[in-house]
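The lines below spell out each chain.
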Amino acid sequence: MKETRSRKRKREKHGKPQNMASASSKITKSSSNFLDKMRARLSGGHFRMINEKLYTCTGDEALDYFKEDPSLFDMYHTGYQEQMSHWPEQPVNIITQWLKARSSSLVVADFGCGDARLAKNVKNKVFSFDLVSNDPSVIACDMSNVCVTPLDASSIDVAVFCLSLMGTNFPSYLEEAHRVLKPSGWLLIAEVKSRLDPNTGGADPKMFSKAISDLGFTSTLKDFSNKMFVLLYFQKKEKETSTRKGIEWPELKPCLYKRR
Ligand SMILES: C[S@@+](CC[C@H](N)C(=O)[O-])C[C@H]1O[C@@H](n2cnc3c(N)ncnc32)[C@H](O)[C@@H]1O
């Protein structure tokens, strides 16, 4: 119901609120807004802390970290999805499209699968690996540990690393991919652009690509067109050429997210 002018004047003269119910509902709303903001800030802070930890430790340290408190994994992924919602395009969708354009008989290993979105969106057989398994389809392991990743040598057609080369020992993840891939099998890497952009303190993408080639791959695609991530695709060489020892891997800097 609309308030008449004279009533409004009277109310204002006596300094009374329009009605107590709506005033208290405004207070409740603004305090719950405040609490929501505080919660979001807190969980954003937790996300950034866990994210930094994952980029500055080895895979087995990260595994222990989540084993001690598996709830940190959900906290990380809630924050990660929030960050991703600001990206115009998600690399996992591009990789999904790549797979959909090929035979669904290709067997895939998704290293650092997160919520296993890739497996959920293609018909292929996908082995999904991550440090914690919140889904029966996800195998919990440190993907650098060849004894734990339950895949035979030369058994996989496509190995995917979508923003998952996080640990300081990331070369060992790629070595594991090399082991499990069939000759001519595909290695698909999506990585945060700033990590491979020398203009922003990132690694030289040529050096990164060269190290992967030295491991026993041929580069087939380098796509720097997206603002947020780069795509680097390779195929495993038919013949074993790598000695692994002399490979010069560049350092990949952590991708630290800013407070929004
Ligand atoms: C940035 S998220 C990306 C998730 C997913 N690939 C996507 O594109 O949505 C990276 C994932 O890699 C996982 N990860 C990092 N290091 C790992 C390791 N050593 N072994 C297994 N998973 C790892 C993290 O737990 C995290 O879920």
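Residues numbered from 1 in each chain as written. Predicted model: local features only at pLDDT ≥ 70, side-chain atom pairs only at ≥ 80, totals over all residues.

Focus: the sheet that holds strand β7 (residues 229-236)
As a reminder of what qualifies: We treat two strands as partners when DSSP finds at least two bridges between them. Helix and strand assignments follow DSSP, with helices taken as H or I runs no shorter than four residues and strands as E runs no shorter than two, numbered in order from the N terminus. Axis definition: a line fitted to C-alpha atoms, limited for helices to the stretch in contact. Angles are taken between N-to-C directions and run from 0 to 180 degrees.
Across the sheet, which stays open at both edges, the 7 strands sit in the order β3-β2-β1-β4-β5-β7-β6 with mixed pairing between neighbours. Since the sheet does not close on itself, it has two edges, and those belong to β3 (138-140) and β6 (217-223), each with one partner. Looking at each pair of strands side by side, their axes are set apart by 20° on average, direction ignored. Where β6 lies against β7, 6 bridges are found, and the strand directions are antiparallel. Looking at the pairing, L221 lines up with Y233 of β7.

A closer look at helix α8 (residues 205-216)
Two residues of an α-helix separated by three or four positions point the same way, owing to the 3.6 residues in each turn. We apply this condition: Here a helix's expected span is defined as the number of its residues, less one, multiplied by 1.5 Å. Working definition of burial: number of other C-beta atoms within 10 Å of the residue's own, with buried at 20 or more, exposed at 12 or fewer, and partly exposed in between, all C-beta atoms being placed from the backbone. Note that the arc is computed from the directions linking the helix axis to the C-beta atoms.
Across its 12 residues, α8 extends 17 Å between first and last C-alpha, which sits within 8% of the 16 Å expected from 1.5 Å per residue. Within the span of α8, buried status applies to F208, I212, L215 and G216. The buried residues of α8 occupy an angular sector of 70° when projected down its axis, which confines them to one face.

So, the site of the ligand
Our working rule: Each residue gets a C-beta atom placed from its backbone. Should that atom fall within 6 Å of a molecule or strand, the residue is termed near it. All amino acids are sorted into three groups, where Ala, Val, Leu, Ile, Met, Phe, Trp, Tyr, Cys and Pro are nonpolar, Asp, Glu, Lys and Arg are charged, and the leftover types, Gly among them, are polar. What fixes the domain bounds is an automatic or database domain assignment.
G59, G112, G114, C162 and S164 are the nearest of the 20 residues found near the ligand. Going through the elements one at a time, α3 (59-68) and β2 (126-130) are the ones with two or more residues in the shell around the ligand. For the shell around the ligand, a count of residues per class yields 11 nonpolar, 6 polar and 3 charged. When residues of the shell around the ligand are sorted by domain, at least three fall in each of domain 1 (20-83) and domain 2 (90-236).

Considering the nonpolar core
As a reminder, the rule being used: Remark: nonpolar core denotes a set of buried Ala, Val, Leu, Ile, Met, Phe, Trp, Tyr and Cys residues whose joining runs through C-beta atoms within 7 Å. Note that contacts rest on C-beta atoms placed from the backbone: two residues are in contact if these are within 7 Å.
By size, the foremost hydrophobic cluster in this structure holds 55 residues, and its most contacted members are A109, F111, A159, V160 and L187. Each of two domains, domain 1 (20-83) and domain 2 (90-236), supplies a minimum of three residues to this core. Beyond its immediate sequence surroundings of up to four residues, A159 is in contact with A109, F111, A177, V180, L181, G185 and L187.

Things to note about helix α4 (residues 71-84)
Across its 14 residues, α4 extends 20 Å between first and last C-alpha, which sits within 8% of the 20 Å expected from 1.5 Å per residue. Listing the buried residues of α4 in full gives F73, Y76 and G79. The arc enclosing the buried residues of α4, seen along the axis, measures out at 135°, which places them on a common side. Every exposed residue of α4 that faces more than 90 degrees away from the buried side is listed here: S71 and D74.

As for the domain arrangement of the protein chain
Each domain of the protein chain was delimited in the assignment, giving domain 1 (20-83) and domain 2 (90-236). Counting residues at the interface gives 13 residues for domain 1 and 13 residues for domain 2. If you list the elements that add at least two residues to the side of domain 1 that touches domain 2, you get α2 (20-56), α3 and α4. Take the side of domain 1 that touches domain 2: its biggest share by element is 5 residues, from α3. Class assignment for the residues of the side of domain 1 that touches domain 2 results in 8 nonpolar, 4 polar and 1 charged.

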